[in-house]
Amino acid sequence: MKSETLFKVGVRFYIGVFFLYLFTPLIVMGLATFNDSRFPTISPWKGATLKWFEALAQDGAMWAALGNSIVVAIGVLIVAVPIGVSCALFLSTVEGKGKTFLYSLMMSPLLTPGVIVGISTLIFWRSLDVSGGIVLTVIAQTTFIAAYVMLMVLARLQRFDRTLEQAALSLGATQWQAFRRILLPYLNPAIYSAAVIAFLQSFENYNTTLFVKGYDTTLTVYIASKVRTGLTPAVNALGLVLILITVALAVAYELKRRKEQKQPT
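All values derive from a computational prediction rather than experimental measurement.

Here we take up the environment of T229. Looking at the secondary structure, you find T229 in helix α10 (residues 219-229). A relative accessible area of 65% means that T229 is categorised as exposed.

And the structure:
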């Protein structure tokens with residue numbers, strides 16, 4: 001009993017330290033938003049203030065960069081998810097040595113450094129007279145983000161019982177009907193998760209975006225440029241707003257999920 005108690009205490013202590021390590025940077029960032037200092041820091045503390053939220057509201061360049069990041073992320077989501085799902089479905093039907101080759105080929109953009117992806121994309125499309133911008137950023141990011149989608153959907157597909165499709169086909173369903181009514185509902189959780197990952201991967205990307213953005217600056221590139229010219233806690237204010245929005249959406253989703261579970265089937 002004593003060893004079990006020590007084990008439980010050790011596990012709880014580890015979990016506590018893990019979450020402390022995970023959330024301490026976010027807490028420090030949030031506190032720095034209210035520090036009356038021109039630098040994003042909590043030490044020394046120069047008094048509480050809300051002026052950095054006003055500075056954030058007046059920073060038109062930052063809001064423009066945030067809008068570009070959202071537009072690019074939505075574009076990547078729209079393009080990368082269908083490509084990733086299609087690749088996963090295709091790989092699930094291939095057998096033999098060809099499957100290993102195709103898997104490696106589709107995974108290669110994910111293993112390539114983002115700098116190389118950005119430069120290669122820019123050089124290739126410049127030869128076709130396509131300059132940098134939001135469209136080229138979407139293309140560049142999709143080349144490797146689609147691989148994330150493929151991996152998540154492929155992992156879900158490996159647990160799918162193919163006899164369900166065969167039973168539907170034997171009962172007169174078409175291939176499309178079997179896909180829409182059996183396979184697609186089964187893949188939906190993985191597709192939704194992959195869409196969220198694709199959006200976040202695009203939103204925080206810097207290395208690839210830096211070379212293909214053209215004049216359309218994204219939020220990560222804008223913040224990086226501000227680090228060189230002088231970063232203010234207005235960036236912390238934006239980060240705090242994004243964290244609060246994320247937490248609110250997560251809570252709303254969890255409440256919705258629990259409500260659906262309580263409803264009788």
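On we go from here.
Before going further, it helps to spend a moment on the side chain of T142. Structurally, the position occupied by T142 is in helix α6 (residues 134-157). Aside from chain neighbours lying at most four places away, what touches T142 is V76, V79, A80 and I83.

Attention now goes to the layout of surface pockets. In this structure, the largest pocket occupies an estimated 920 Å³ of space. In terms of lining residues, the largest pocket is bounded by 24 residues, among which V196, F199, L200, T246 and L249 are the most central. Broken down by element, the residue count for the lining of the largest pocket peaks at 10 residues, all from helix α11 (residues 234-262). Approximately 150 Å³ is the volume found for the second largest pocket.

Time to look at the UniProt feature "transmembrane region" (unreviewed entry) in the protein chain. In the numbering adopted here, UniProt assigns the feature "transmembrane region" (unreviewed entry) to residues 12-34, 70-91, 103-125, 131-154, 183-203 and 234-253. In the segment residues 131-154, helix accounts for 88% and strand for 0%; the C-alpha atoms at its two ends are 34 Å apart. Across residues 183-203, the secondary structure splits into 100% helix and 0% strand, with the terminal C-alpha atoms separated by 30 Å.

A word on the packing of aromatic side chains. Counted according to the given criterion, the structure contains seven aromatic pairs. With 5.5 Å between their ring centres and 80° between their planes, F18 and F19 make a pair best called edge-to-face. Judged by relative accessible area, which is 39%, F18 ranks as partly exposed. Between F34 and F53, the ring centres sit 5.6 Å apart and the planes meet at 50°, which makes this aromatic pair tilted. Note that F34 is positioned in the loop between α1 (2-32) and α2 (51-58) and F53 in helix α2, a separation of 19 residues in sequence.

Rules used throughout
- Residues numbered from 1 in each chain as written.
- Predicted model: local features only at pLDDT ≥ 70, side-chain atom pairs only at ≥ 80, totals over all residues.
- Heavy atoms only, no water.
- Helix = DSSP H or I, 4+ residues; strand = E, 2+ residues; numbered from the N terminus.
- Buried < 20%, exposed > 50% of the residue type's maximum accessible area, 1.4 Å probe, protein only.
- Contact = heavy atoms within 4.5 Å.
- 1 Å grid on protein atoms, 1.4 Å probe; cavity = no way out; pocket = protein on both sides within 12 Å on 5 of 7 lines; lining within 4 Å.
- Points joined across faces, edges and corners; volume = space filled by probe spheres on them.
- UniProt positions renumbered as here; feature names shortened; annotations may be inferred.
- Phe/Tyr/Trp six-rings, centres within 6.5 Å; stacked < 30°, edge-to-face > 60°.

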